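Results of the structural survey
Spelled out, the chains give:
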Amino acid sequence: MKRTKNRKAPTSLELLTTADMVQLFQVTPSCLYRWRRKQILPAIKIGYSVYYLKEDIETILKHKSKMSMQRKTDLDEEEHPKH
């Protein structure tokens, strides 16, 4: 089993397939491939199949959510500066 990033083993090993990821992110499989190649998404390759650790994806989504909230706060402050 080859991992794209060295980390300690997760407590529970829940894997997502490419089909799961396509549905979750609303992107094409080729987009997922580009994200893996650019090391945006960590993945596990078993034979010819690619899997994603659910724990890793949840972490990415939480981080993305925090960034979106911060960006919205920054934009609100730009529109309505404090005096």
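Below you will find a few notes about this structure. (Residues numbered from 1 in each chain as written. Predicted model: local features only at pLDDT ≥ 70, side-chain atom pairs only at ≥ 80, totals over all residues. Heavy atoms only, no water.)

Considerations on the overall build of the protein
Condition: Helix numbers and strand numbers start at the N terminus; a helix is a DSSP run of H or I with at least 4 residues, a strand a run of E with at least 2. Here's how the labels work: a residue is buried when its accessible area is under 20% of the maximum for its type, exposed when over 50%, partly exposed in between, all with a 1.4 Å probe on protein chains only. We call two residues in contact whenever any of their non-hydrogen atoms come within 4.5 Å of each other. Only the protein chains shown count as cover for residues, with accessible areas throughout obtained via the Shrake-Rupley method and a probe of 1.4 Å.
Helices and strands together make up the secondary structure of the protein, namely 3 helices and 4 strands. Helices (α) and strands (β) of the protein occur, in sequence order from the N terminus, as β-β-α-α-β-β-α. Counting only residues that meet the buried cut, the protein has 20% of its 83 residues in that class. Here the analysis covers contacts within the protein between residues at least 6 apart in sequence; of these, 60% occur between residues at least 24 apart. Element-wise, carbon and sulfur atoms account for 54% of the exposed surface of the protein, whose accessible area totals about 6900 Å².

Some details on the pattern of salt bridges
Pairs can form between side chains of opposite charge whenever their charged atoms are close. The following threshold applies: The salt bridge definition used is simple: a Lys or Arg side-chain nitrogen within 4 Å of an Asp or Glu carboxyl oxygen.
Going through the model one piece at a time under the given rule, you end up with 1 salt bridge. One salt bridge connects Lys54 with Glu14, and the closest N-O pair in it is separated by 3.6 Å. With Lys54 in helix H3 (residues 54–79) and Glu14 in the loop between strand E1 (2–3) and strand E2 (15–16), this pair connects stretches of sequence that are 40 residues apart.

Some words on the packing of helix H1 (residues 18–25) against helix H2 (residues 29–37)
The test is simple: Working convention: axes come from line fits to C-alpha atoms, limited for helices to the stretch in contact. Angles between N-to-C directions cover 0 to 180 degrees. Here is the rule for angles: anything less than 35 degrees is roughly parallel, anything more than 145 is roughly antiparallel, 65 through 115 is roughly perpendicular, and the remaining ranges are oblique. Amino acid classes used here: Ala, Val, Leu, Ile, Met, Phe, Trp, Tyr, Cys and Pro are nonpolar; Asp, Glu, Lys and Arg are charged; the rest, including Gly, are polar.
Direction vectors running N to C along H1 and H2 enclose 100 degrees, while the axes themselves pass 9 Å from each other. Relative to H2, H1 is oriented roughly perpendicular. Residues Thr18, Met21, Val22 and Phe25 of H1 pack against Pro29, Leu32 and Trp35 of H2. Taken together, the residues that form the contact of H1 with H2 break down as 6 nonpolar, 1 polar and no charged.

Focus: H2
Spelled out, the test is: Summarising the geometry, the arc corresponds to the directions from the helix axis toward the C-beta atoms.
Taken as a whole, H2 has its buried residues at Cys31, Leu32 and Arg36. Looking down the long axis of H2, one finds its buried residues gathered within 140 degrees of arc, a one-sided arrangement. Immediately beyond the C-terminal end of H2, within one or two residues, lies Gln39, with a positive phi of roughly 60 degrees.

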